[in-house]
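Structural features, examined
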Amino acid sequence: MTPLTEAEARVLGSLVEKSLTVPDQYPLSLNALVAACNQKTSREPVMELSPEQVTDAVASLFEKGLAVQQDGSRVAKYVHAAEKLTGPTSKDLAVLAVLLLRGPQTAAEVRVRTERMCEWKDTAEVEAFLEDWA
């Protein structure tokens, strides 16, 4: 698989994050996805992606099998298929989301930044998880 572009990483990270933090609002419409990608908090770097850039990134993620369009409503909605990269657990997805949205981090930062998405006993558990994951 080819590496993700910055826009693809931001879109995939946003889809994963929102699936775990606001499941009632997931899957995301294009407008919600653009807003999630351009959020000013919990993002490094802060980006200003246009709807066209997000649409292009989503199309590329479709081709890579990492996102799908969910039919059944008036508006197209998008869901991730990130389990193909990690695993199906909330810890796998939470770590993927924070790494995609914020880049390299210490185990302590990962622990704090994934608190809303999963639970850890301590930083040592995160370190062991990351070592296994690598």
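Parameters and conventions
- Starting from 1, residues in each chain are numbered consecutively following that chain's sequence as written.
- A pLDDT threshold of at least 70 governs which residues receive local features in this predicted model, and a stricter bar of 80 or more applies before side-chain atom pairs are shown or counted, although totals over entire chains, interfaces and linings include all residues.
- Note that water and hydrogens are dropped before the side-chain values are worked out from all heavy atoms of the structure.
- Put plainly, a pocket is an open set of points on a 1 Å grid over the protein atoms alone with protein on both sides within 12 Å along at least five of seven lines, a cavity is a set where a 1.4 Å probe fits but cannot get out, and a lining residue has an atom within 4 Å of a point.
- Grid points are joined across faces, edges and corners, and a volume is the space filled by probe spheres set on the points.
- In this text, helices come from DSSP runs of H or I with a minimum length of four residues, and strands from runs of E with a minimum of two, each type numbered from the N-terminal end.
- All residues other than Ala, Val, Leu, Ile, Met, Phe, Trp, Tyr, Cys, Pro, Asp, Glu, Lys and Arg, Gly among them, are scored as polar; the first ten of these are nonpolar and the last four charged.
- The length a helix should cover is 1.5 Å for every residue beyond the first.
- Per-residue accessibility, obtained with a 1.4 Å probe over protein chains only, is compared with the maximum for each type, and a residue is labelled buried under 20%, exposed over 50%, and partly exposed between these values.
- For this analysis, residues touch if any pair of their heavy atoms sits within 4.5 Å.
- As used in this record, nonpolar core signifies buried Ala, Val, Leu, Ile, Met, Phe, Trp, Tyr and Cys residues forming a set joined through side-chain atoms within 4.5 Å.
- Only Phe, Tyr and Trp rings are paired, with Trp represented by its six-membered ring, and only when their centres lie within 6.5 Å; those with planes under 30 degrees apart are stacked, over 60 edge-to-face, the remainder tilted.
- Fitted lines through C-alpha atoms serve as axes, helices being fitted only where they are in contact, and the angles separating the N-to-C directions of these axes extend from 0 to 180 degrees.
- Convention used here: angles under 35 degrees read as roughly parallel, angles over 145 as roughly antiparallel, angles from 65 to 115 as roughly perpendicular, and any remaining angle as oblique.
- Note on pairing: two strands pair once DSSP finds at least 2 bridges between them.

So, the layout of surface pockets
Its boundaries defined by the atoms lining it, the largest pocket holds a volume of some 200 Å³. Forming the boundary of the largest pocket are 14 residues, of which Glu17, Ser42, Arg113, Arg116 and Met117 lie nearest the centre. At the level of elements, helix H1 (6-21), helix H4 (90-102) and helix H5 (107-113) are the ones that each hand at least two residues to the lining of the largest pocket. Grouping the constituent residues of the lining of the largest pocket by class yields four nonpolar, three polar and seven charged.

Here we look at H4
Spanning 13 residues, H4 covers 18 Å between terminal C-alpha atoms, matching the ideal 18 Å at 1.5 Å per step. Buried within H4 we find Asp92, Leu93, Ala94, Val95, Leu96, Ala97, Val98, Leu100 and Leu101. The inward-facing, buried residues of H4 contact H1, strand E3 (77-80), H5 and helix H6 (123-133). One or two residues past the end of H4 sits Gly103, with phi positive at roughly 80 degrees.

Some thoughts on the nonpolar core
Judged by nonpolar contacts, the single largest core of 37 residues is most densely connected at Val11, Leu12, Leu15, Leu33 and Val54. Of all the secondary-structure elements, those providing two or more residues to this core are H1, helix H2 (30-37), helix H3 (51-64), E3, H4, H5 and H6. A per-element tally of this core places H4 first, with seven residues. Among all residues touching Leu15, those that are not within four sequence positions of it are Tyr26, Leu28, Leu33, Ala67, Tyr78, Val79 and His80.

Quick look at the packing of aromatic side chains
One pass over the structure, following the stated rule, counts three aromatic pairs. Ring centres of Phe62 and Tyr78 lie 6.0 Å apart, and the angle between their planes is 40 degrees; on these two criteria the pair is classed as tilted. Of this pair, Phe62 sits in helix H3 while Tyr78 sits in strand E3, placing them 16 residues apart in sequence. The exposure class assigned to Phe62 is partly exposed, which follows from its relative accessible area of 30%. Classification of Tyr78 by relative accessible area gives buried; the value is 11%. One aromatic cluster in this structure is built from Trp120, Phe129 and Trp133.

A word on the packing of H1 against H2
Where H1 contacts H2, the two axes come as close as 9 Å, and the packing angle between them is 105 degrees. Taken together, the axes of H1 and H2 lie roughly perpendicular to each other. Across the interface between the two elements, Arg10, Val11, Ser14, Leu15 and Lys18 of H1 pack against Leu33, Ala36 and Cys37 of H2. Of the residues belonging to the contact of H1 with H2, the class tally is five nonpolar, one polar and two charged.

Re the pairing of E3
One ladder, built from two bridges, connects strand E1 (residues 28-29) with E3; its direction is antiparallel. By the bridge assignment, Ser29 is partnered in E3 with Lys77. Here strand E2 (residues 67-70) runs beside E3; their pairing, made up of four bridges, is antiparallel. Its bridge partner lying in E3, Val68 is registered against Val79. Connecting the antiparallel pair E2 and E3 is a turn made up of six residues, with Gly72 showing a positive phi of about 120 degrees.

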